[in-house]
Each structure stands twice: as structure tokens, then as C-alpha cells.
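What the coordinates show
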Amino acid sequence: MNIWLVMLLGGLITFGMRFSLIYLLAEGRFHIPDAMRRALHYVPPAVLSALIFPAIFLPDNELDFSFGNHYLLAGAIAIIVAWFSRNTLLTIVAGMLALFVLQLLR
């Protein structure tokens, strides 16, 4: 099958699923209970944690809390920058720059 057709169909299916929820919720056609709305508030931090924590704590598929773990050190620097600056872009740049410098010094 042509790769462009697969990509187009995948994009259309993804758009359709997301648009249908936006359409239903924005127009008031579907009501989400308050308990569900409060629970959905925790989904983005949970997904972000599930994506980032394995990369930081398991760099070589082993648990690594040592100072040789550059990902952990760069993550700690990013957390400190996020804590004091409250700026997402600055946090991302600081974490990436810290990881780049730490890997250069390796």
C-alpha cells in the first residue's frame, strides 16, 4: 500500500476522532460529569510522567541514580529552572542545554 495513502488515512482518522469530541463538548451536546472532569485534569501530567521518567531513570534499561546519568542531572537542572522561572520555554532550553553540555564533558 502506498505510504502516502496510509499517512493520509491515519491523519483523517485521528482528526475525525479529535474533532468529534471537540464538536460534542463545545456545543453542549454531551455533558461530562464533574467527577470525570476533575479526573481528566490529571491526565496530561500522568502522560508526561510516563513518557519522561523512563528516559531519565532508565537510560540503559537499568535503574541509574548515579552522577554518571546525564539525563538525570539535566532533568534536575530543568526542574530547578522550572521551579524558579515558571517558564516552559526556558525550562526546555535549559534542560536541553544542560544535557548537551553534560554529554560534551563526558
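Please refer to the structure higher up on the page.
Anyway, here's the lowdown on the structure attached to this text.

About the cut-offs
Residues numbered from 1 in each chain as written. Predicted model: local features only at pLDDT ≥ 70, side-chain atom pairs only at ≥ 80, totals over all residues. Heavy atoms only, no water. Phe/Tyr/Trp six-rings, centres within 6.5 Å; stacked < 30°, edge-to-face > 60°. Lys NZ or Arg CZ within 6 Å of the ring centre and 35° of its normal. Helix = DSSP H or I, 4+ residues; strand = E, 2+ residues; numbered from the N terminus. Buried < 20%, exposed > 50% of the residue type's maximum accessible area, 1.4 Å probe, protein only. Polar contact = N/O pair within 3.5 Å; in protein donor to acceptor, adjacent residues only side chain to side chain. Expected span 1.5 Å × (residues − 1). Bend = angle between axes of the 7 residues up to and from the residue. Axes fitted to C-alpha atoms, helices over the stretch in contact; angles between N-to-C directions. Parallel < 35°, antiparallel > 145°, perpendicular 65-115°, else oblique. Contact = heavy atoms within 4.5 Å. Nonpolar A, V, L, I, M, F, W, Y, C, P; charged D, E, K, R; others polar. Patch = residues over 30% accessible without salt bridge, like charges linked within 9 Å, V, L, I, M, F, W, Y side chains within 5 Å. Areas by Shrake-Rupley, 256 points an atom, 1.4 Å probe, with all protein chains shown as cover. Salt bridge = Lys/Arg side-chain N within 4 Å of Asp/Glu carboxyl O.

A few words on the packing of aromatic side chains. Scanning the entire structure with this criterion turns up 4 aromatic pairs. Aromatic rings pair up to connect Phe15, Phe19 and Tyr23 into one cluster. For Arg86, the ring lying beneath its charged end belongs to Trp83, and the centroid distance is 5.6 Å.

Here Ser49 lies in helix H3 (residues 43-57). The class for Ser49 is partly exposed, based on a relative accessible area of 28%. Within polar-contact distance, the side chain of Ser49 engages the backbone oxygen of Pro45 at 2.8 Å.

Attention shifts here to H3. The end-to-end C-alpha separation of H3 is 21 Å, in line with the 21 Å expected for 15 residues at 1.5 Å each. The sharpest bend along H3 measures roughly 25° and falls at Ala50, with the proline Pro54 sitting one to four residues further on.

Bringing the environment of Met96 into the picture now. In this fold, Met96 is placed in helix H5 (residues 88-104). Separated by 93 residues in sequence, Met96 and Ile3 place their C-alpha atoms 33 Å apart.

All right, on to the packing of H3 against helix H4 (residues 70-85) then. Packing of H3 against H4 leaves a shortest axis separation of 7 Å and a crossing angle of 130°. On the basis of their axis angle, the class for H3 and H4 is oblique. Judged by residue contacts, Ala55, Ile56 and Phe57 of H3 engage Tyr71, Leu72 and Gly75 from H4. Partitioning the contact of H3 with H4 into residue classes produces 5 nonpolar, 1 polar and no charged.

Further remarks concern H5. For H5, which comprises 17 residues, the first-to-last C-alpha distance of 24 Å matches the rise-based estimate of 24 Å (1.5 Å per residue) to within 8%. The elements touched by buried residues of H5 are H4. Capping the start of H5, Asn87 holds a side-chain oxygen 3.1 Å from the backbone nitrogen of Leu89, two or three residues further along.

A contiguous nonpolar surface patch, about 730 Å² in accessible area, is contributed by Met36, Leu40, Val43, Val47, Leu48, Leu51, Ile52 and Phe53. The set of elements that each furnish at least two residues to the nonpolar patch consists of helix H2 (34-40) and H3. Considering every element that reaches the nonpolar patch, the biggest residue donor is H3, with 6 residues. By the secondary structure assignment, Val43 is in helix H3. Residue Val43 is classed as partly exposed on the basis of its relative accessible area of 38%.

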